[in-house]
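# Structural features, examined
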Amino acid sequence: MPGLVSLKTPLEAPPPPPLQILVPADTNNNESEIQIPKTRSPIPKRIPQSPSTSTSISRMKPSPDRSGGSGKKRASEKAKIEELGLENPDLGPFLLKLARDTIASGDSPTKALDYAIRASKSFEMCAVEGELSLELVMSLHVVAAIYSSLGRFEEAIPVLERAIEIPEVSRGAEHALAVFSGYMQLGDTHSTLGQLDRSIAAYDAGLKVQMETLGETDPRVAETCSTVELPVKNLNLSVQNGRYLAEAQVQAMQFEEAEILCKKTLEIHQEHSAPASLEEAGDRRLMAVICEAKRDYESALEHLVLASMAMIANGQDSEVASIDVSIGDIYLSLCRFDEAVFSYQKALTVFKSTKGDNHPSVASVFVRLADLYYKTGKLRESKFYCESALRIYLKPVPGTTPEGIATGMIEISAIYEAVNEPEEALKLLNKAMKLLEDMPGQRSTIAGIEAQMGVMLSMVGRYGEARSSFESAVAKLRASGEKKSAFFGILLKEMGLSYVELYKIDEAAELFEEARGILEQECGPCHPDTLGVYSILAATYDAMGRLEDAIEILEYILKVREEKLGTANPDFDDEKKRLAELLKEAGRSRNRKAKSLSNLFGSKSQRVKKEGAKRWSGLSFKS
């Protein structure tokens, strides 16, 4: 439908760009007949009084009441007068044009928002026989777009939901396009707020509407499928229309669903585009990310090589360098270190020659080289590249986004943590968090940083600070309204361990129980992370005197290990001994002296914490 507005907001929520909302003139014949001269307005104008009359009247009347009640009354009367004027059928198009002109001129977005809201009210009041028009839908999309540009994403959501309810897909292509546009804009808004489940639901609904209207093999469906695929940071893709549903699915770790959509996109582009097209190259890069996430490194490498060949054929040197970085990442995962170094150095040469020595792209390659040299035991070289990257991030060139700097600092902090320098890692994480604090849509990212800080604070024995950091992270994730994920379950477990160290056993038990429920649902009862929480919970119940509950859990753990995982696991003997001790104690007496927490948890607690710390980098803290 001409005139519909969809404001694409990136998933990592960069700072809102200068407001640019283009609302093309509607091609409807009825509307085109309305002529609105620049000097005239359908808004009723006041008739000015003569100065002498107004002066004399003011002298005759007593001073007006200064109380707040009369002010509110006047404001209410003014609002009623304005609403009466909105019944003019010419006013809606006029106000929408004013909103568009205000935005185009760079004037106050707040003023444009007022015009757009009043236009929406006018269209609604002037509905013929109660049937709301697509013009109202268009104005609501504009209102939501302005809200988003102002960072008021929560206010944009109900406006978009209202806009989606009005059109009827069965009434033709224009109505279907209106619904599709509303769903996609709603998905963008949810993803900006970090609400991935809701974002995916909106994108999926929009995709279904588009497929019903255009057919499953239309090239425009391929664009939507690919936009539904992959919000992976620092991918630097230049594929038209972004990535929606599959993007969100990759970030939400729904790899199977993302792979199906990406394959469909690739098939459509191969059918409708020239060989080795840029569209196909973009699809293959997406497939490589999905395959890498599924640890299918050979398939990922194959897709990247084909994508690189397509980019070379199209003269996209900068994109070829970005792909070389991704190829280096795959080689690093395969422990083919020499080939990884070659790919990184090749990309580094291109970035320095095309973007300059201090560009963030150069710093990102330095970070990867630092990680590679750490993994090969060359700590001096690793530290050199970390410091080189930090010099670039601490003095960024114009145009560098705060998100890019924060991401780089998070990656470097992970290397400092790995080389047992937690204090340096904590400093970098603090700086990264401050860069993102005032930016819209970064709540989930900040929660991730706080969780990582909590793990490191626990490792250095600062348990009170760790608890505060965990609590802040958990509160942000709960407030997002998202489905409980495995990441959230592990976070609750780590938070519980900090409570244990502070001798808050009851609170720790509640956290472990919640973590157990989430991990059972998300990972399954036999997953190592789930069994780890079972083991910790058994120790907690023992400390609380709930001997029978502890025995029941340990018996279940041993049964699972014997029947499904094998007894070679180093925890098996430890858990078997603990169970034997508890059974012996339960048969002897329930009234026993309380054991110290260090004896109850022993080395097991420390091992779990260390293992948990290693896992954070794989749970979207390094992007």
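No experiment lies behind these values; they were computed from the predicted model shown.

## Observations concerning the overall build of the protein chain
- The helix and strand inventory of the protein chain stands at 28 helices and zero strands.
- Of all 623 residues assigned to the protein chain, the portion counted as buried reaches 48%.
- A total accessible area of about 30,700 Å² is found for the protein chain, and carbon and sulfur atoms account for 52% of it.

## Thoughts on the UniProt feature "repeat: TPR" (unreviewed entry) in the protein chain
- Within this structure's numbering, the places UniProt gives as "repeat: TPR" (unreviewed entry) are residues 137–170 and 321–354.
- With 76% helix and 0% strand, residues 137–170 has end C-alpha atoms that lie 16 Å from one another.
- Taken end to end, residues 321–354 has its terminal C-alpha atoms 10 Å apart, with 91% of it in helix and 0% in strand.

## Describing the nonpolar core
- Formed by 104 residues in total, the largest nonpolar core has its most connected members in Tyr344, Tyr393, Ile412 and Ile449.
- By size, the runner-up hydrophobic cluster in this structure holds 40 residues, among which are Ile103, Ala119, Leu134 and Val179.

## Here we look at helix H18 (residues 379–394)
- Between its terminal C-alpha atoms H18 stretches 22 Å, which fits the 22 Å expected from 16 residues at 1.5 Å a residue.
- Three or more residues of H18 are buried, namely Ser382, Tyr385, Cys386, Ser388, Ala389, Leu390, Ile392 and Tyr393.
- Of the surrounding secondary structure, the elements contacted by the buried residues of H18 are helix H16 (337–355), helix H17 (360–375), helix H19 (402–418) and helix H20 (422–436).

## Here we look at the environment of Leu334
- With respect to the helices and strands, Leu334 occurs in the loop between helix H15 (317–333) and H16.
- Between the alpha carbons of Leu334 and Glu298 there is a distance of 8.8 Å; along the sequence they are 36 residues apart.
- Once residues within four sequence positions are removed from consideration, Leu334 is found in contact with Tyr297 and Glu298.

## So, the packing of helix H24 (residues 505–522) against helix H25 (residues 528–544)
- Their axes nearest at 9 Å, the elements H24 and H25 cross at an angle of 155°. Of the possible angle classes, the one that applies to H24 and H25 is roughly antiparallel. Handedness of the crossing formed by H24 with H25: left-handed. On H25, the residues touching Ile505, Asp506, Ala509, Phe512, Glu513, Ala515, Arg516, Leu519 and Glu520 of H24 are Asp529, Thr530, Val533, Tyr534, Ile536, Leu537, Thr540, Tyr541, Ala543 and Met544.

## Looking at the pattern of salt bridges
- If you walk through the whole model with that rule in mind, you get 20 salt bridges.
- For Arg118, the salt bridge goes to Asp114, with nearest N and O atoms at 3.7 Å. Of this pair, Arg118 and Asp114 both sit in helix H5 (residues 109–125), four residues apart, which is roughly one turn of that helix.
- By relative accessible area, Arg118 is classed as buried at 18%.
- Here Glu124 makes a salt bridge to Arg162, at a shortest N to O gap of 2.7 Å. Here Arg162 lies in helix H7 (residues 153–165) and Glu124 lies in helix H5, a separation of 38 residues in the sequence.
- Of the residues examined, Glu124 reaches a relative accessible area of 38% and is grouped as partly exposed.
- Each member of the salt-bridge network shares a partner with another, and the members are Lys97, Arg100 and Asp101.

## Things to note about a nonpolar patch on the surface
- A cluster of nonpolar side chains, contributed by Val305, Leu306 and Met309, occupies part of the molecular surface with about 250 Å² of accessible area.
- Its location among the elements puts Met309 in helix H14 (residues 297–313).

## Observations regarding the confidence of the model for the protein chain
- In the predicted model, the protein chain carries a mean pLDDT of 75, and 71% of its residues have values of at least 70.
- A low-confidence stretch, residues 77–81 (pLDDT under 50), is modelled with zero contacts involving residues beyond four sequence positions or located in other chains.
- A low-confidence stretch, residues 228–249 stays under pLDDT 50, and its non-local contacts, those more than four residues away or across chains, total 100 contacts.

## Observations regarding unusual backbone geometry
- Of note in this structure, Arg295 is not a glycine but carries a positive phi near 65°.
- Within the fold, Arg295 resides in the loop between helix H13 (278–293) and H14.
- For Arg295, a relative accessible area of 66% gives the class exposed.
- One non-glycine residue with positive phi stands out, namely Tyr503, at about 65°.
- Its place among the elements puts Tyr503 in the loop between helix H23 (486–501) and H24.

Calculation rules
Residues numbered from 1 in each chain as written. Predicted model: local features only at pLDDT ≥ 70, side-chain atom pairs only at ≥ 80, totals over all residues. Heavy atoms only, no water. Helix = DSSP H or I, 4+ residues; strand = E, 2+ residues; numbered from the N terminus. Buried < 20%, exposed > 50% of the residue type's maximum accessible area, 1.4 Å probe, protein only. Areas by Shrake-Rupley, 256 points an atom, 1.4 Å probe, with all protein chains shown as cover. UniProt positions renumbered as here; feature names shortened; annotations may be inferred. Core = buried A, V, L, I, M, F, W, Y, C linked by side-chain atoms within 4.5 Å. Expected span 1.5 Å × (residues − 1). Contact = heavy atoms within 4.5 Å. Axes fitted to C-alpha atoms, helices over the stretch in contact; angles between N-to-C directions. Parallel < 35°, antiparallel > 145°, perpendicular 65-115°, else oblique. Left-handed = near helix turned anticlockwise from the far one by under 90°. Salt bridge = Lys/Arg side-chain N within 4 Å of Asp/Glu carboxyl O. Patch = residues over 30% accessible without salt bridge, like charges linked within 9 Å, V, L, I, M, F, W, Y side chains within 5 Å. pLDDT = per-residue confidence, 0-100.

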